[in-house]
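Here's the letter readout for the chains.
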Amino acid sequence: MENVVNQDDRLIATLNETDVATEQLTQIADQIVQSYSYTLDNLMQRIYQDIVSNKDSSDETLEKYFLELSSTLYFIGAQVEHLGISNDYAEANFKEKFNRAYLNCAAEKDEKGKSLRTVNENNALAAENSKYENTVSNLQSRALDLLKYKVTSAQTMVGTLSKMISKKMSDASLTMNSSRGTAE
């Protein structure tokens, strides 16, 4: 029974450690993304406040945000590419560090010229020696995915704003046509 309690304690400690590390890594990823998406995030927040929360938005408000969001998406496209370049570099840096560590480990021979370690041992050592570069590469990749998600969501909002503008124009046209019919 004591062994089960020990295992439970280790499991809980490992979960807590994972939660702390995950929180730290999430904060870093969020900082990376926010440095690229600050303008888009602020605009989407204003759209939420002025249109989503306010069910009766004016034509002028819809048109203003449609134009502003379309323009912001144009400029954030370059930001996506910049983060992509950073992601590519982080991935290449990780691979280079891993490969160097692997080759250094594999090059170590005993007095008979035989490798000191198995392939799996060399892989484990190389992975350990490049774990920080791997973490940075993964963070950059996740940040790029998150930035792309934000852009996709903003593109969806552009489509939604366009449909809202079209509906208002259609409703206005119907109202105008029906009022003409009763006036005649």
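Refer to the structure presented above.
Since we're looking at a predicted model, the values are computed, not measured.

1. Quick word on the overall build of the protein
The helix and strand tally for the protein stands at 4 helices and 0 strands. Counted from the first residue to the last, the protein has its helices and strands arranged as α-α-α-α. Radius of gyration (C-alpha) of the protein: 28 Å, far over the 16 Å computed for a compact globule of 184 residues. C-alpha extents for the protein along the principal axes are approximately 105 × 50 × 25 Å. Across the protein, every contact between residues at least 6 apart in sequence was considered, and the portion connecting residues at least 24 apart equals 77%. Placing the 19 positive and 27 negative side-chain charges of the protein at their respective mean positions leaves the two points 5 Å apart.

2. With respect to the nonpolar core
Residues Ile 47, Leu 69, Leu 73 and Leu 161 are the most contacted members of the largest nonpolar core, which totals 22 residues. Secondary-structure elements contributing two or more residues to this core are α1 (2-52), α2 (59-107) and α4 (131-183). At 9 residues, the largest contribution of residues to this core is made by α4. Among residues more than four places away in sequence, those in contact with Ile 47 are Val 52, Tyr 65, Leu 69, Met 157 and Leu 161.

3. Examining the packing of aromatic side chains
Tallying each qualifying case throughout the model produces 2 aromatic pairs. Considering the side-chain rings of Tyr 74 and Phe 75, the 4.9 Å spacing of their centres and the 85° angle between planes classify their relative orientation as edge-to-face. A relative accessible area of 53% places Phe 75 in the exposed class. One cation-aromatic arrangement involves Lys 64 over Tyr 65; the distance from NZ or CZ to the ring centre is 4.4 Å.

Reading guide: rules and limits
- Per chain, the residues get numbers from 1 upward, laid out in the order the sequence is written.
- Whole-chain, interface and lining totals are the exception, using all residues; otherwise, since this is a predicted model, local features are given only for residues with pLDDT of at least 70 and side-chain atom pairs are given and counted only at 80 or more.
- In computing side-chain properties, one takes all heavy atoms of the structure into account and sets aside hydrogens as well as water.
- What counts as a helix is a DSSP run of H or I of at least four residues, what counts as a strand is a run of E of at least two, and both are numbered from the N terminus.
- For this measure, only C-alpha atoms enter the radius of gyration; the expected value for a globule follows 2.2 Å times N^0.38, where N is the number of residues.
- Contacts: residue pairs with any heavy atoms within 4.5 Å of one another.
- We score Asp and Glu as negative and Lys and Arg as positive, and we do not count His or the chain ends.
- Here the site of a charge means NZ on Lys, CZ on Arg, CG on Asp, or CD on Glu.
- Residues belong to one nonpolar core when they are buried, are Ala, Val, Leu, Ile, Met, Phe, Trp, Tyr or Cys, and are joined through side-chain atoms within 4.5 Å.
- The buried label goes to any residue with under 20% of its type's maximum accessible area, the exposed label to any with over 50%, and the partly exposed label to all in between, with areas taken from a 1.4 Å probe on protein chains only.
- Pairing of aromatic rings covers Phe, Tyr and Trp, the last counted by its six-membered ring, and requires centre-to-centre distances within 6.5 Å; plane angles under 30 degrees mean stacked, over 60 mean edge-to-face, and any other angle means tilted.
- In our convention, an over-ring charge means Lys NZ or Arg CZ found within 6 Å of a ring centre and within 35 degrees of that ring's normal.

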